[in-house]
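# Residue-level structural notes
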Amino acid sequence: MHSKEDLRKAENFGAWLHERTNGLAFKADNRIPIVEVCFYLALEHHDAIIVLVGARLYGSAWALARPLLEAYVRGTWLLRHASQVELEDFMKGGRPNFYKLIAAIGSEPETGGAWLAEIQKNIWSVLNDYTHGGATQISQRFTEDTIESTYSEKVLADLLTIAREVAIRVAAELFALAGQESLLEQLSKKA
């Protein structure tokens, strides 16, 4: 069962983000619209996780944690690290390896790579399990006597924390791309 307070905070933060990210204007650049779509997809997954937790569809909410992270990583890679050829290949359906994307982003704190390296090291396999119906996902769905949702409040709080962290990073990127320093300051205070 999820904490109503955690869910309320997540909903309020999501609404706050939308008020500030909807309608942002970006400079003309062939890569920005692609990056923007990746980042807005991540925000959509963030919203969906909140909605699914609220509807007590916890397994489906957890299944979106990995795509949420991947949309952020792809957007970051496309923005700062992909060559023009890699960008074009991506748009033709190329699927760059996730580990290579993280390696390209690097492990410096300034790039966000240190946080991504920790995610990859500590919870990537768990995110895969949740997304693909692995043991972690299955173990949250039964007791000795019944098949039912057994996600703990902590497990759900962890999900909302991951979703919020990615949403903060995405919003920071969008605000920076739009040249909105005041929104970056607001985000820093809100985060």
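Scroll up to find the structure this text is about.
The sections below set out a description of the structure shown in this document. Predicted, not measured: the structure shown is a model, and the values here were computed from it.

### Description of the nonpolar core
If you look at the biggest cluster of nonpolar residues, it comprises 62 residues, and the most contacted ones within it are Ile-49, Trp-62, Leu-69, Val-73 and Leu-78. Examining the composition of this core, we find that 14 residues originate from one element, helix H10 (residues 153–177), more than from any other. Beyond its immediate chain neighbours, meaning those up to four positions away, Ile-49 contacts Ala-61, Leu-64, Ala-65, Leu-68, Leu-159, Leu-160 and Ala-163.

### Examining helix H2 (residues 32–54)
Given 3.6 residues to a turn, an α-helix orients residues that are three or four positions apart in the same direction. Here H2 contains 23 residues, and its C-alpha end-to-end distance of 33 Å stays within 8% of the 33 Å for a straight helix at 1.5 Å per residue. Arg-56, located one to two residues past H2, shows a positive phi value of around 60°.

### Some thoughts on helix H4 (residues 65–80)
For H4, built from 16 residues, the straight-helix expectation of 22 Å at 1.5 Å per residue is met to within 8% by its first-to-last C-alpha distance of 23 Å. Within H4, 13 of the 16 residues are buried, which leaves it mostly tucked inside the rest of the structure.

### A few points about the side chain of His-45
As for its position among the elements, His-45 is in helix H2. The residues touching His-45, leaving out its near neighbours within four places in the chain, are Leu-64, Pro-67 and Leu-68.

### Details of the packing of aromatic side chains
Considering all chains together, one arrives at 8 aromatic pairs under this definition. Taken together, a centroid distance of 6.3 Å and an interplanar angle of 70° make the contact between Tyr-72 and Trp-115 edge-to-face. With a gap of 43 residues between them, Tyr-72 in helix H4 and Trp-115 in helix H7 (residues 113–122) connect regions that are remote in the sequence. The pair Tyr-72 / Trp-115 is uniform in exposure class, with both members buried. One aromatic cluster in this structure is built from Phe-39, Tyr-72 and Trp-115.

Criteria and cut-off values
Residues numbered from 1 in each chain as written. Predicted model: local features only at pLDDT ≥ 70, side-chain atom pairs only at ≥ 80, totals over all residues. Heavy atoms only, no water. Core = buried A, V, L, I, M, F, W, Y, C linked by side-chain atoms within 4.5 Å. Buried < 20%, exposed > 50% of the residue type's maximum accessible area, 1.4 Å probe, protein only. Helix = DSSP H or I, 4+ residues; strand = E, 2+ residues; numbered from the N terminus. Contact = heavy atoms within 4.5 Å. Expected span 1.5 Å × (residues − 1). Phe/Tyr/Trp six-rings, centres within 6.5 Å; stacked < 30°, edge-to-face > 60°.

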